[in-house]
Amino acid sequence: MKPSRSVLAFSALLALAPLASAQKAAAPVDLGTLGGSASAANGVATIGAGDTVVGGGNVFTDTYQHAALTNSAGYLVDLESLIGVYGNSVANGISAKGAVTGTSDQIIDSGGDIASHAFYLTSLRTGMVDVGTNGGTLAVGNATQSGVVVGASTVAGDGAYTAFSWSQAKGIVNLNTLAGDFGAEGYNSYAYGLNTKNVAVGSSDSTDGTTHAALWALKTGAIKDLRTLGGSYAQASAINDSNTVVGFSTLVGDVQTDAFVATSGGGGLRDIGNLGGSYAQANGVNDSGVVVGSSNITGDTDVHAFVWTPSGGIVDLNSMLPSGSPFIELNSATAIAADGTIVGIGLAQDGQYHAFAW
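Our subject in this report is the structure included herewith. (Residues numbered from 1 in each chain as written. Predicted model: local features only at pLDDT ≥ 70, side-chain atom pairs only at ≥ 80, totals over all residues. Heavy atoms only, no water.)

## A look at the packing of aromatic side chains
The condition is simple: Put simply, two rings from Phe, Tyr or Trp (the six-membered ring, in Trp's case) pair if the centres are within 6.5 Å, and we call them stacked under 30 degrees between planes, edge-to-face over 60, tilted for the rest. To qualify as a helix, a DSSP run of H or I must reach at least 4 residues; to qualify as a strand, a run of E must reach at least 2; elements of each kind are numbered from the N terminus. A 1.4 Å probe rolled over the protein chains alone gives each residue an accessible area, and that area as a share of the maximum for its type sets the label: buried under 20%, exposed over 50%, partly exposed in between.
Tallied over the full model, the rule gives 8 aromatic pairs. Measuring from centroid to centroid gives 5.2 Å for Tyr 120 and Trp 166, while their planes differ by 55°, and the two rings are tilted. Pair noted here: Tyr 120 is in strand β8 (residues 114–121) and Trp 166 is in strand β12 (residues 161–167), with a separation of 46 residues, a long-range link. Classification of Trp 166 as buried rests on a relative accessible area of 8%. Residues Tyr 190 and Tyr 192 carry aromatic rings whose centres are separated by 6.1 Å and whose planes lie at 25° to one another, so their mutual orientation is stacked.

See below:
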C-alpha cells in the first residue's frame, strides 16, 4: 500500500555548490547537502535561462529530512516542512513555472499525532500549502503542472491508496483505479507523472491481481490501462507534452524488470532494456524524448544512472564521467530538464550520497 517513491533523509545552507546545466558543465555538479550527510535531486525544470532543481537533504545530525530547491544563484534552499524545522519533508516534482510539490510531516489532530501530507509551494515567502488527503491520513505529491498536483493518498480508513489530482479550485479529486472501486475495495493506484496537457501517469492494481501502468485524462476523469511488459507489475513514472510515457515493468515470469517507453502513436510498452542487470527503471523524459533512469549493472553488483535516446539506446552515465569528477559514480538519474540537464543521486568523493546536476 506504500508508494514506491520513499522520503529520503534531507538542512541549513552548508556545504553547497552552485548549479550548472548539462551543456555548461564538463562534469556533474555536486549540489551538496543541507548540513547533513546525504541529499537527493528528484526533479528539475528549465525556467528562463537556468534550471531549478528540487529534492531534499538531511539536516542537522541527520535527525530530519527537509525538502530543498536551488535558488536563482544555484544554491540549495531549505524548505523546512509543514510543521517547521522539526519535521520531515521532501520535494518530488517541479512545474515548468517553478511550483513545487512533495510530501511533508503534518500534525493531524489535537493530540499532536503526525502523518505525511502532500504539499504545494509557489513561493518561498508563502511557503508550503497542505493539499490535504483523499479521506485518509496519508498523502504524497509527486508531480505538478499548471496549478495541478498529482500523487497518491489513502482513502477513508486508510485501507488503500488511490491516485489523486488537486487544484485550488477543485481540491482533491480521486482518480480511481483500474478496478473501478475508487479504493473502497482495497485496490490501489498511484500517480507519479504529469504533463502540461493535464494527462497523468502512474500505476494501478487490476482485478486480475496484477499491477499495471496507467494513464489518467484529468479533463474527463478517464483511466487507461497501459498494461505491462508481460509480467505482473508495471509503473509509469513520467510523461512529456508529446504524451511519451516512461517507466518500468517486470517481464514474463517476474524475474527481470526493464525500463520502458510508450508513445502516443500506440503499440504498447516498448522494452528499452537495462545495463546488464536484472532490474532497470526509467524515471524521467523531456520533450525531446530523452529518457533517464537507473539500472543494475551486470551481475547486479551495483546500480548506475543511465540515459536513453531512440538513436543511441541505453548508455551508462558513468561511462561519460571525466577524470576529476566530484562523484565516484552516479547511481540514479531521476529527471531531465527541457535543456537536457540531468539530475539525480550519486556517490560523492566524500563517500556520501549527494544530489547531482549534469
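Picking up after the structure, the text goes on.
## Some thoughts on the sheet that holds strand β2 (residues 39–47)
What counts is decided by this rule: The rule for pairing is simple: two strands pair if DSSP sees at least two bridges between them. A fitted line through C-alpha atoms serves as each axis, taken over the contacting stretch for helices, and the angle formed by two N-to-C directions is quoted from 0 to 180°.
Sheet architecture is open: 4 strands sit in the order β2-β3-β4-β5, paired in antiparallel fashion. Edge strands, defined here as strands with exactly one partner in the open sheet, are β2 and β5 (76–78). Direction aside, neighbouring strands of the sheet carry axes that sit 25° apart on average. Where strand β4 (residues 64–70) and β5 come together, 3 bridges link them in antiparallel fashion. Looking at the pairing, Thr 70 lines up with Leu 76 of β5.

## Here we look at the pattern of salt bridges
Two side chains with opposite charge may pair up if their charged atoms get near one another. Selection rule: Take a side-chain nitrogen of Lys or Arg and a carboxyl oxygen of Asp or Glu: if they are within 4 Å of each other, that pair is a salt bridge.
One pass over the structure, following the stated rule, counts 1 salt bridge. Taking the shortest distance from any N to any O, the salt bridge between Asp 225 and Arg 227 comes out at 3.4 Å.

## What to know about the nonpolar core
Let me state the cut-off plainly: Among buried residues, those of type Ala, Val, Leu, Ile, Met, Phe, Trp, Tyr and Cys that are joined through side-chain atoms within 4.5 Å constitute a nonpolar core.
Leu 31, Leu 317, Leu 330, Ile 342 and Val 343 are the most contacted members of the largest nonpolar core, which has 29 residues in total. Residue assignment for this core shows that the elements contributing at least two residues are β2, β3 (50–59), β24 (303–309), β26 (327–336), β27 (342–348) and β28 (353–357). With 5 residues, β26 is the largest single contributor of residues to this core.

## Examining the sheet that holds strand β6 (residues 89–94)
Judged by pairing direction, the sheet is antiparallel, and its 4 strands sit side by side in the order β6-β7-β8-β9 without closing on themselves. Every interior strand has two partners, whereas the edge strands, β6 and β9 (129–132), have only one. Each adjacent strand pair in this sheet contributes to an overall mean axis angle of 40°, direction not counted. Judged from the 5 bridges that link them, β6 and strand β7 (residues 100–107) form a sheet pairing that is antiparallel. Within β7, the position partnered with Gly 93 by the bridge is Thr 101.

## Some thoughts on the pairing of β2
Where a strand is regular, its side chains alternate between the two sheet faces. Across the 9 residues of β2, 7 count as buried, placing the element largely inside the fold. Alignment of β2 against β3, held across 8 bridges, turns out to be antiparallel. Residue pairing across strands places Thr 46 opposite Asp 51, the latter belonging to β3. In sequence, β2 turns back onto β3 through a hairpin of 2 residues, with Gly 48 there showing a positive phi of about 65°.

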